[in-house]
Each structure stands twice: as C-alpha cells, then as structure tokens.
Amino acid sequence: MKKYMIMTFGCQLNENDSEKIAGMVENLGYEKTDDLSKCDLVVFNTCCVRENAEERLFGKIGEIKKLKEERGTIIAIGGCMMQEEHILEKIKKSYKYIDLVFGTHTLNKFEEDLKKIIEEKKKIRDVIDIDGEVIEGLPIKRNDKSKASVSIMYGCNNFCSYCIVPYVRGRERSRKKEDILKEVESLAKEGYKEITLLGQNVNSYDGGDGYKFSNLLYDVCKIEGIERIRFISPHPKDFTDDVIKAIKDNKKISRIVHLPLQSGSTKVLKEMNRKYTKEQYLALAEKMRKEIPDILFSTDIIVGFPGETEEDFENTLDVVRKMNYEQIFMFIYSRRVGTVADKMENQIPEEIKHKRFERLKKLYDDNVSKNNEKFIGKVEKILVDGESKNNENMFTGRNDANKVIIFEGSKDLIGKMINVKITEEHKWYLKGEVEGK
Ligand code: SAH
Ligand code: SF4
Ligand code: F3S
C-alpha cells in the first residue's frame with residue numbers, strides 16, 4: 001500500500017481540514033505512516049498567521065525534496081499560505097518540483113487533483129481567490145476516537161488590523177444547522193464524547209431565519225452521547241446574553257470560555273479594530289462570572305502591536321491580573337503583508353517586543369500553580385486520552401477546564417468519561433485518583 005503523511009501547521013480549523021484531506025487521500029488507497037522516509041505522498045497544510053509558521057514550512061519543504069529525488073514522493077502544499085499572492089509566486093518560481101498547490105477554496109478538489117497527478121503525472125496549481133462557499137460531504141478521517149472538531153462556519157469578516165485570516169479564508173459563511181447537527185449526531189453514534197465547534201468567529205454563526213449560535217448550542221446539547229461541548233473562537237464583541245444563557249442552561253458546555261483579549265489597552269484595541277474597550281471586555285467577563293459562577297477563562301494576547309507604549313502594555317498586564325486566566329496563548333506581533341497594521345509607521349523594535357513577551361509570560365507562569373490549587377480535593381469529570389508517555393500504569397485525560405490530569409488506571413478507561421479526585425498540583429498537570437475504585 002502507498003503511504004502518506006500530512007503535516008499541519010496552524011489552528012484547529014486547519015487540523016480539521018487536514019482530517020478531510022486524510023479522508024480524500026485514503027479514498028485513493030493510501031495508508032497513513034509516521035515514517036517520513038516511507039512516504040509516497042506528503043501533504044503540507046500551511047498557516048500564515050505569524051511569520052514563524054511560514055519559516056517552519058520552508059525548512060520542511062527543503063527536507064522533502066531529497067525524498068522526492070530518491071523515491072518519487074508526491075508533494076502537495078495547500079492551506080492559508082497558498083492564498084497569499086507573494087507566497088504563491090515564490091512557490092511557482094522557486095519550487096517547481098512541487099506536484100500540487102491548492103488553496104483554502106479548492107480543498108474540495110484535492111482528491112480529483114491528486115488523481116490527475118498520479119494518473120497523468122501532471123503538476124497542478126489550483127488556487128483561486130473568492131469569497132468562499134460552504135462545501136458539504138467531503139470524506140473525513142479523524143485523528144481521535146473520543147474528541148472531534150466540527151467546523152460550523154468558515155471565513156472572517158472582522159479584519160482585525162494585524163490579521164491575515166480574512167484575506168486567506170474569505171468571507172464569513174455558516175453551515176446549515178441540519179448539516180452540523182447531522183454530523184454531531186453521527187459522531188455521537190460512533191462513540192465520540194466531546195466535540196469542539198470551530199470557526200474564526202463562532203458566535204457570529206448565522207443559520208438563517210434568526211437561528212443563531214445560541215440556538216445551535218441548545219440543539220447540540222440535546223444530542224445524546226455527547227457529554228462535553230467546547231467552542232473556539234468567540235469574539236468578545238459578539239458574546240451576547242443569549243450565548244451566556246445557553247452556557248448557563250447547559251451543563252454539557254465547558255465552563256472554560258476562550259475570550260481573546262489581544263490587548264488590554266483601549267487605544268491599542270481601537271487600532272487593532274477589535275471593537276471593544278478594556279472596560280467593555282472586563283464588564284463582559286464580570287457579567288459572565290455573575291451568571292455562571294464557576295466559569296473560567298483562557299485568552300489570546302499579542303504583544304508589541306505597532307504604537308504599543310509601556311502604558312498600553314501595563315494595561316494588558318492589568319487585565320491579565322484581573323482576569324486570572326487559566327491559559328494564555330501569547331504571541332509576539334508579526335507583520336503580515338497586506339494588513340493595515342503592516343503599514344503602520346510606529347512598529348515596535350524586536351528587542352522591546354521580546355522583553356514585553358517575557359514579562360507577560362512571567363506574570364502568567366507565576367500564577368499557574370496558585371490557580372491550579374482550586375482543583376485540589378475536587379472530583380473532576382475527565383475524558384481519558386490515553387497512556388502517559390513516561391509510565392505505563394499512568395493515564396492522562398482532561399477535565400472540563402482542559403487541564404491535563406494524570407492518574408493510575410487501566411487501558412479500558414481510554415475514551416471514557418470518568419471521575420477523578422484531584423490530589424496534587426504540578427504546574428503543567430494535575431495528579432488524581434480514580435473515584436469509586
Ligand atoms: N479568530 C480567532 C483566532 C485567530 S488567529 C480569534 O479572533 O480569536 C489566533 C491568534 O493569533 C489571534 O487570536 C491572535 O492573538 C494571533 N494573531 C493573529 N494575527 C497575528 C499577528 N499578525 N501577529 C501575532 N499574533 C497574531
Ligand atoms: Fe483574525 Fe480578528 Fe478574524 Fe480572529 S476575528 S480571524 S483575529 S481578523
Ligand atoms: Fe493559520 Fe489559516 Fe488557521 S492562517 S491560524 S491556519 S485559518
């Protein structure tokens with residue numbers, strides 16, 4: 001059997017696209033391998049949200065060239081980066097040996113294009129620039145057997161001034177609620193316990209005829225067998241009361257909400273085109289805490305946005321202190337060609353960006369253990385992922401707050417929801433004991 005490997009860069013939406021690519025590749029008779037040297041097909045699914053994702057890709061393509069020379073491996077590259085004009089030009093000019101180049105809007109044609117490459121030994125460049133459409137019915141080969149991601153909408157209309165995503169993913173478009181619910185129902189039948197609803201802006205989901213994200217949440221919660229529901233990413237500006245109520249009303253919805261802050265400075269937020277102020281963000285979180293007392297938060301933060309002063313950055317630290325986030329995804333601002341912020345004159349020197357990043361990281365790191373203490377002594381419902389890498393009697397899983405929990409167990413627990421009493425805190429994981437043993 002011919003072997004394939006997919007290398008995915010970027011966000012969970014890309015991971016979900018890669019699962020569809022895997023479905024199409026397996027339709028053509030390929031088998032997955034983790035051994036690159038045995039690959040007859042290598043697919044790169046790329047990301048361009050920050051510069052380092054791009055650098056990593058070019059490093060990897062170089063490695064694969066040798067493989068192509070040795071065994072004729074087919075190389076396919078797709079995803080967000082290919083939607084950038086200057087990158088596509090670079091690939092066309094300097095990487096002529098790549099067999100297939102596809103974009104975010106031509107993912108559905110992957111199987112057909114690949115077939116042509118195999119049968120006709122062609123090189124195909126299949127990237128189009130359109131607002132995008134919703135395509136249903138692609139095959140899918142999922143990475144996990146108990147947790148699954150379900151894309152509910154594609155694209156983004158927000159044009160945050162630093163962000164490339166709206167340019168490479170097109171305009172917002174929502175899947176039909178029937179298609180989403182059908183997909184979740186079949187996942188439940190297959191034994192999936194946890195689903196994550198995905199979109200660049202999930203809470204602007206629009207199912208038509210007034211059917212909103214909150215309606216979808218209620219309907220997904222009704223599906224028997226699914227025990228935990230997460231969603232990413234919501235935009236604070238669209239976090240309406242009906243969504244808060246949906247979380248409050250449905251215990252299946254995870255109590256950890258990802259609420260991307262980006263910056264704590266109202267001035268920077270305005271320049272970022274985020275459409276909320278520091279005060280509005282904090283007031284929203286306060287309202288959520290009042291309605292749902294056990295709610296927890298995670299966030300995304302960018303440091304070193306153009307024009308960010310020491311005072312602006314202090315405001316970010318201030319929000320971090322006030323919010324007490326469970327998890328922070330921190331990013332150093334990265335200039336993206338074609339975005340509004342890239343043209344701003346007051347870019348921050350690398351050294352200052354890095355120093356601020358380290359300060360934010362320290363503030364967060366210093367707080368992790370203290371934050372974890374609230375779990376000690378509590379019985380947490382966890383979905384068991386698998387065996388721990390270091391000890392064969394130990395297993396790992398995640399609780400509602402997405403913390404890694406390690407406990408003594410047995411293989412039959414994998415993929416199940418079980419109760420574990422938390423006994424110890426180890427900063428990046430918690431230790432526990434299975435209840436009722
Ligand atoms: N749609 C989601 C996620 C978008 S990308 C949202 O709005 O939350 C994930 C994160 O990458 C963003 O939240 C942001 O923090 C970060 N990011 C996006 N563009 C960036 C850039 N140019 N430089 C650094 N970080 C960036
Ligand atoms: Fe990018 Fe903003 Fe859209 Fe998120 S909401 S994808 S940060 S433009
Ligand atoms: Fe990257 Fe594209 Fe996701 S740019 S973050 S893979 S939408």
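Residues numbered from 1 in each chain as written. Chains lettered and ligands numbered in written order. Predicted model: local features only at pLDDT ≥ 70, side-chain atom pairs only at ≥ 80, totals over all residues. Heavy atoms only, no water.

Engineer: Where do I start with the overall build of the protein chain in this structure?
Structural biologist: Along its length, the protein chain carries 12 helices and 19 strands. Computed over the C-alpha atoms, the radius of gyration of the protein chain is 22 Å, within 12% of the 22 Å expected from 2.2 N^0.38 for a compact globule of 437 residues. Restricting the contact set of the protein chain to residue pairs at least 6 apart, pairs at least 24 apart contribute 73%. Approximately 20,400 Å² of the protein chain is accessible, and the part contributed by carbon and sulfur atoms is 48%. Here the protein chain holds 78 positive side-chain charges and 77 negative ones, and the gap between their average locations is 1 Å. (Helix = DSSP H or I, 4+ residues; strand = E, 2+ residues; numbered from the N terminus. Rg over C-alpha atoms; globule rule 2.2 N^0.38 Å. Contact = heavy atoms within 4.5 Å. Areas by Shrake-Rupley, 256 points an atom, 1.4 Å probe, with all protein chains shown as cover. Lys, Arg positive; Asp, Glu negative; His and termini not counted. Charge placed at Lys NZ, Arg CZ, Asp CG, Glu CD.)

Engineer: Even after reading the chapter, I still don't get the domain arrangement of the protein chain, so can you show me in this structure?
Structural biologist: Note on interface size: it is often stated as the accessible area lost on association of the parts. According to the domain assignment, the protein chain contains domain 1 (3-126), domain 2 (147-372) and domain 3 (379-434). Each of domain 1 and domain 3 was reduced to a C-alpha centroid, and the two centroids are 35 Å apart. (Domains from an automatic or database assignment.)

Engineer: Please explain the environment of Leu296 as it appears in this structure.
Structural biologist: Checked against the element boundaries, Leu296 lands in strand E13 (residues 296-303). Judged by its relative accessible area of 16%, Leu296 falls in the buried class. In this structure the C-alpha to C-alpha distance between Leu296 and Ile118, which are 178 residues apart in sequence, comes to 50 Å. (Buried < 20%, exposed > 50% of the residue type's maximum accessible area, 1.4 Å probe, protein only.)

Engineer: I would appreciate a short explanation of helix H8 (residues 241-249) in the present structure.
Structural biologist: Because each turn of an α-helix spans 3.6 residues, side chains separated by three or four positions end up pointing in the same direction. Regarding H8, the residues found buried are Val243, Ile244, Ala246 and Ile247. One side of H8 carries all its buried residues, which in axial view fall inside an arc of 160°. Here the buried face of H8 lies against helix H7 (213-221), strand E11 (228-232), strand E12 (256-258) and helix H10 (278-291). (Arc of directions from axis to C-beta.)

Engineer: What is the right way to read the sheet that holds E13 from this model?
Structural biologist: The strand order across the open sheet built from three strands is E12-E13-E14, with neighbouring strands paired in parallel fashion. Sheet topology places E12 and strand E14 (327-332) at the edges, where each strand pairs with a single neighbour. Shown here is a sheet whose adjacent strand axes are inclined to one another by a mean of 15°, direction ignored. As paired elements, E13 and E14 share six bridges and run parallel to each other. Residue pairing across strands places Ile301 opposite Met330, the latter belonging to E14. Contacts between helix H12 (residues 350-372) and the sheet are confined to E13 and E14, with E14 contributing the most and set at about 175° to the helix. (Pairing = 2+ DSSP bridges. Axes fitted to C-alpha atoms, helices over the stretch in contact; angles between N-to-C directions.)

Engineer: Honestly, the sheet that holds E11 in this entry has me stumped. Any pointers?
Structural biologist: The strands that make up a sheet pair up through hydrogen bonds in the backbone, lying either parallel or antiparallel. One open sheet accounts for three strands, arranged E7-E10-E11; its pairing is parallel. Looking at the sheet topology across the chains shown, the edges are occupied by strand E7 (147-151) and E11. Put simply, the sheet's adjacent strands are angled 20° from each other on average, direction ignored. By the bridge criterion, five bridges tie strand E10 (residues 194-198) to E11 in an arrangement that is parallel. Note that in E11 the partner of Leu197 across the bridge is Phe231. Lying on the sheet, helix H6 (residues 177-189) is in contact with E7 and E10; it crosses E7 at an angle near 170°.

Engineer: Sorry, what's going on with the site of ligand 3 here?
Structural biologist: Surveying the vicinity of ligand 3 reveals the residues Gly10, Cys11, Asn14, Cys47, Cys48, Val49, Cys80, Arg169 and Gln200. Of the residues that constitute the shell around ligand 3, the class distribution is five nonpolar, three polar and one charged. (Near = heavy atom within 4 Å. Nonpolar A, V, L, I, M, F, W, Y, C, P; charged D, E, K, R; others polar.)

Engineer: Looking at this structure, how should I read the pairing of strand E1 (residues 2-8)?
Structural biologist: Side-chain direction in a regular strand flips from residue to residue, so the side chains alternate between the two faces of the sheet. Pairing between E1 and strand E2 (residues 30-32): three bridges, direction parallel. Each residue of the ladder has a partner; that of Lys3, found in E2, is Glu31. In this view, the connection linking E1 to its parallel neighbour E2 by way of helix H1 (residues 12-27) has right-handed handedness. (Right-handed = clockwise from strand over helix to strand, strands pointing away.)

Engineer: Sorry, what's going on with unusual backbone geometry here?
Structural biologist: Note on backbone geometry: most residues besides glycine have negative phi, and most peptide bonds are trans. Note the cis peptide between Ile232 and Ser233, where omega equals -15°. The topology assignment puts Ser233 in the loop between E11 and H8. Even without being glycine, Phe159 reaches a positive phi, approximately 45°. What makes Phe159 partly exposed here is its relative accessible area of 30%. In this structure, Lys427 is a non-glycine residue whose phi angle is positive, near 60°. Topologically, Lys427 is positioned in the loop between strand E18 (417-425) and strand E19 (430-434). In this structure Lys427 comes out as partly exposed when scored by relative accessible area, which is 29%.

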